[in-house]
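Chain and residue survey
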Amino acid sequence: MNLGFFKPSIRRRIAFVLLAACALVWCAVYLQGSYITQRAETGVYERDLVLIANSVADVVDRWPDAKLLPVAMSGLETLIDAESQRSDVPHAYRLFYVWDAKGALVLARKGADTSRRQTFGQLGFSDQRLQGKDLRVYGMWSADARHCIEATQAIQSRRSFFHSIMFSGESVNILVIGMLCLLPALLTMRCRCWWRTTAPVLGPRRKTGSLSASTAATSRMSRDRGWGWPS
């Protein structure tokens, strides 16, 4: 049974350490990205909530009439759907609701749970729970204070979105490129290890050959000058 692969090897140890370093760097990026994207009120997810709420508020301010508002909002929904499809964003990641000043639901994005009732008048960020699902919510009033707008994100949709980014082809390509960048280091170490193991073998041979040549030359000079050893 050939156990050569399991013999101690500096090259294999260094290669293992470098590959493990790549994996650790990817894990560090994953943890850091998870923290940044979910940081309260300043993360990427929170900014998306504010952006959706502000966009809905702009449409509500321009077309506050209850008959015109659904038509105007359909254009915004089409834009959000196109962007979500392009970015591969879960549908539950970008939902919104519009309520009147008395707390009655005026409209909601298609696919949103219309049985939900918000904590009326709660502005800014909040955490809510609906039918066993955790939600992150951002609320604001329209400019004329006639409507309350809420943008919601399901926490599970946040995780799905983040994982789709980290485990996408682009993320894997970055990891592969990082490994390829280590090839020069591995080749350099391989050459140095080869020289360390080969030089001691080649060195004595060169010295022995030089000594033999020097001895032969001395003998020839001695014979030419009559200094040879007596028979």
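These remarks concern the structure in this document. (Residues numbered from 1 in each chain as written. Predicted model: local features only at pLDDT ≥ 70, side-chain atom pairs only at ≥ 80, totals over all residues. Heavy atoms only, no water.)

**A short note on helix 4 (residues 155–166)**
For helix 4, with twelve residues, the first-to-last C-alpha span of 17 Å sits near the 16 Å given by 1.5 Å per residue. By the burial criterion, the buried members of helix 4 are Ile155, Ser157, Arg158, Phe161, Phe162 and Met166. (Helix = DSSP H or I, 4+ residues; strand = E, 2+ residues; numbered from the N terminus. Expected span 1.5 Å × (residues − 1). Buried < 20%, exposed > 50% of the residue type's maximum accessible area, 1.4 Å probe, protein only.)

**Description of the packing of helix 2 (residues 44–62) against helix 4**
Interhelical geometry of helix 2 versus helix 4 gives an angle of 120° and a closest axis separation of 12 Å. The angle between helix 2 and helix 4 falls in the class oblique. Relative to helix 4, the crossing made by helix 2 is right-handed. In contact with Tyr45, Glu46 and Leu49 of helix 2, helix 4 contributes Arg158, Phe161 and Phe162. Here the residues of the contact of helix 2 with helix 4 are counted per class, giving four nonpolar, no polar and two charged. (Axes fitted to C-alpha atoms, helices over the stretch in contact; angles between N-to-C directions. Parallel < 35°, antiparallel > 145°, perpendicular 65-115°, else oblique. Left-handed = near helix turned anticlockwise from the far one by under 90°. Contact = heavy atoms within 4.5 Å. Nonpolar A, V, L, I, M, F, W, Y, C, P; charged D, E, K, R; others polar.)

**Topic: the layout of surface pockets**
One simple way to see leftover space: roll a probe sized like a water molecule over the atoms. Here the largest pocket is characterised by a volume of approximately 280 Å³. In this structure, the largest pocket is lined by 19 residues; those nearest its centre are Ala92, Leu130, Lys133, Leu135 and Ala154. In the lining of the largest pocket, the residues fall into eight nonpolar, five polar and six charged. (1 Å grid on protein atoms, 1.4 Å probe; cavity = no way out; pocket = protein on both sides within 12 Å on 5 of 7 lines; lining within 4 Å. Points joined across faces, edges and corners; volume = space filled by probe spheres on them.)

**Some points on the side chain of Ser84**
Among the secondary structure elements, Ser84 is positioned in helix 3 (residues 69–87). By relative accessible area, Ser84 is classed as buried at 7%. When sequence neighbours within four positions are dropped, the list of residues in contact with Ser84 reads Val89 and Arg94.

**Quick word on the pattern of salt bridges**
Where charged atoms from two side chains of opposite charge approach closely, those side chains can pair. Within the structure shown, the criterion is met by seven salt bridges. Notably, a salt bridge pairs Arg86 with Glu83, separated by 2.7 Å at the nearest N-O pair. Pair noted here: Arg86 and Glu83 are both in helix 3, with a separation of three residues, about one helical turn. The class for Arg86 is exposed, based on a relative accessible area of 63%. By relative accessible area, which is 30% here, Glu83 ends up partly exposed. Through salt bridges that share partners, Glu46, Asp127, Arg136 and Arg158 make up one connected network. (Salt bridge = Lys/Arg side-chain N within 4 Å of Asp/Glu carboxyl O.)

**A closer look at the nonpolar core**
Val56, Val60, Leu69, Met73, Phe96, Val98 and Ile149 are the most contacted members of the largest nonpolar core, which has 20 residues in total. Elements represented by at least two residues in this core include exactly helix 2, helix 3, strand 1 (95–100), strand 4 (133–141) and strand 5 (147–154). Tallying contributions element by element places helix 2 first for this core, with seven residues. Every residue in contact with Val60, bar those within four places of it in the chain, is listed here: Leu69, Met73, Val98, Ser142, His147 and Ile149. (Core = buried A, V, L, I, M, F, W, Y, C linked by side-chain atoms within 4.5 Å.)

**Considerations on the packing of aromatic side chains**
Tallied over the full model, the rule gives six aromatic pairs. With centroids separated by 5.6 Å and ring planes inclined at 20°, the aromatic side chains of Trp26 and Tyr30 adopt a geometry described as stacked. Of this pair, Trp26 and Tyr30 are both found in helix 1 (residues 10–37), four residues apart, which corresponds to roughly one turn of the helix. Residues Phe125 and Tyr138 carry aromatic rings whose centres are separated by 4.9 Å and whose planes lie at 50° to one another, so their mutual orientation is tilted. Residue Phe125 is located in strand 3 (residues 124–130), and its partner Tyr138 is located in strand 4; the two are separated by 13 residues in the primary sequence. Overall, Phe125 belongs to the buried group, its relative accessible area being 19%. Taken together, the ring pairs connect Trp26, Tyr30 and Phe162 into an aromatic cluster. (Phe/Tyr/Trp six-rings, centres within 6.5 Å; stacked < 30°, edge-to-face > 60°.)

**Some details on helix 3**
In a regular helix each residue adds 1.5 Å, so 19 residues correspond to 27 Å; helix 3 covers 27 Å between its end C-alpha atoms and thus fits that length. Every buried residue of helix 3 is listed here: Leu69, Ala72, Met73, Leu76, Glu77, Ile80 and Ser84. Down the axis of helix 3, the smallest arc covering the buried residues is 145°, so these residues share one side. Those residues of helix 3 that are exposed and angled more than 90 degrees off the buried face are Val71, Thr78, Leu79, Gln85 and Arg86. Where helix 3 is buried, its residues contact helix 2, strand 1 and strand 2 (105–108). Directly beyond the C-terminal end of helix 3, a positive phi value near 60° is found at Asp88. (Arc of directions from axis to C-beta.)

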